[in-house]
Amino acid sequence: MKNGVSWVLVLFLTITLLNNCLQTKTYKEIRKKQSFIDQLRFVYSSSDISKWPKPILDPSEPTFSEIGHLPKVEFPSDNPYSDEKAALGRTLFYDPRLSGSNQIACASCHDPELGWTDNRKFSFGHDRQLGSRNAMTIMNIAYAKSLFWDGRAASLEDQAKMPIEDMREMHEHIDIATEKIVKVKGYEILFEKAFGDKKITKDRIAKAIATFERTVISPPSRFDRFIDGEKDIFTNDEVVGLHLFRTKAQCMNCHNSGYFSNNLFENDGTSLLSSENEDLGQYLITKKTSDVGKFRVPTLREVTRTGPWMHNGSFNTLTEVINFYNTGNPESSKHKKTIHEGVPLNSEKSDMLKLLDLTKEEILQLEAFLGTLSTPTVRPAPPKLPK
């Protein structure tokens, strides 16, 4: 009997000791983890980028610029800024008379209440036709080096005319659209204030719209405030997410600079060659076989507000996007080849896409950080259109 009691006592003491050891180990791990996060919080919010941990970059990445604040917007010498020109551009941006039906404006697909896009996979255009690519936000577009997913416009002045003449979008010849604006007497005073005289031309229309678009800039986000020293504005998950963004997740390869884009074109294996959703991307503009399936790297500022994501609007949640890159997109071999206009073409996915091995917790932390790049929704009243 005594032996039995002794063994029970020994077993009880052993279990208690093991439990205490496990608790001690767990507490140590928690303290160690919190200490690491505290160190990251201190470094990243120090207002000194030189103290940040070294980013993990792919050897093939040709350019790199550290993430940070948006720089001051630069206006071209042949289209300098003025308040009057920006105001005129804003009015034209909202004016549906630039379209063939007199019912579609630039603002139809770039709504300020929807992150300056329309939150649709593909936008509706003339006669309710669907576009073939997702409408990109115009927020911070002043920092883009080329426009559209395929880079077919070299400047905002060039870009401003293209949706007007696109048969699926606004469906109007730019000269006819200009004549319609000429006939609106109320525009004369606006053009005179913006350009010095009442002359209305298609180039002036484009310059005014471009000037306005360069003013659509994100206010400081929580990310901007955090790196400026507001260390408690980030949660622990957001701090770790920022670190993952720059290191293990390797997002910095493409989404760098204050614009959170390298302004280059990359192939992430989403061109879906030889399918009904085939899109050759930049190749359609350059005709270079090396550009097959390449699309412009979009900004990640305001990213939580600008879904669905990718050139074809194929992802409805940021979790889906992160999972896509976490797996390295194992591109199906049947969608890597096609023949276009008699030319055999291949899709060569970027070497930067590889298995990242992010855990479920790390995916959530990365998504939490991306949320800090967005700012509150604004709901400006549209301008009163001239008559």
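The notes below deal with the structure included here.

Conventions used here
Residues numbered from 1 in each chain as written. Predicted model: local features only at pLDDT ≥ 70, side-chain atom pairs only at ≥ 80, totals over all residues. Heavy atoms only, no water. Helix = DSSP H or I, 4+ residues; strand = E, 2+ residues; numbered from the N terminus. Buried < 20%, exposed > 50% of the residue type's maximum accessible area, 1.4 Å probe, protein only. Pairing = 2+ DSSP bridges. Lys, Arg positive; Asp, Glu negative; His and termini not counted. Salt bridge = Lys/Arg side-chain N within 4 Å of Asp/Glu carboxyl O. Contact = heavy atoms within 4.5 Å. Core = buried A, V, L, I, M, F, W, Y, C linked by side-chain atoms within 4.5 Å.

## Here's the deal with unusual backbone geometry
A cis amide bond links Gly-307 to the next residue, Pro-308, at an omega of -5°. Structurally, Pro-308 is set in the loop between β2 (295–296) and α11 (318–326). Although it is not a glycine, Asn-263 adopts a positive phi angle of roughly 60°. Secondary-structure assignment places Asn-263 in the loop between α9 (236–246) and β1 (265–266). On the basis of relative accessibility, which here comes to 13%, the residue Asn-263 falls in the buried class. In this model, Asn-329 sits at a positive phi of 45°, which is unusual for a non-glycine residue. Locating Asn-329 in the fold gives a position in the loop between α11 and β3 (337–340). The buried category is assigned to Asn-329, whose relative accessible area is 10%.

## Brief notes about the pairing of β3
What you see with β3 is a clean split: Thr-338 and His-340 sit on the buried side and Lys-337 and Ile-339 on the side with no burial. For β3 and strand β4 (residues 343–346), the ladder comprises four bridges, and the chain directions are antiparallel. Bridge pairing in β4 places His-340 opposite Val-343. Hairpin connection of β3 to β4: two residues between the antiparallel strands, including Glu-341 at a positive phi of 50°.

## Let's talk about the side chain of Glu-213
In this structure, Glu-213 sits in helix α7 (residues 202–213). With no salt bridge to any partner, buried Glu-213 finds its closest opposite charge in Arg-214, at an N-O distance of 7.5 Å. Excluding its chain neighbours within four sequence positions, the residues that come into contact with Glu-213 are Phe-93, Ile-138, Ile-141, Leu-156 and Gln-159.

## A short note on the nonpolar core
Counting residues in each nonpolar core, the largest one holds 40 residues, and the members touching the most others are Leu-92, Phe-93, Leu-98, Trp-116, Ile-181, Tyr-187 and Phe-191. Among the secondary structure elements, those contributing two or more residues to this core are α2 (83–93), α3 (106–109), α4 (156–165), α5 (174–182), α6 (186–195) and α7. Among the elements that make up this core, the one with the highest residue count is α7 (six residues). With residues near it in sequence (within four places) discarded, Phe-93 still touches Ala-105, Cys-106, Ala-107, His-110, Trp-116, Ile-138, Ile-209, Phe-212 and Glu-213.

These figures capture arrangement, not role.
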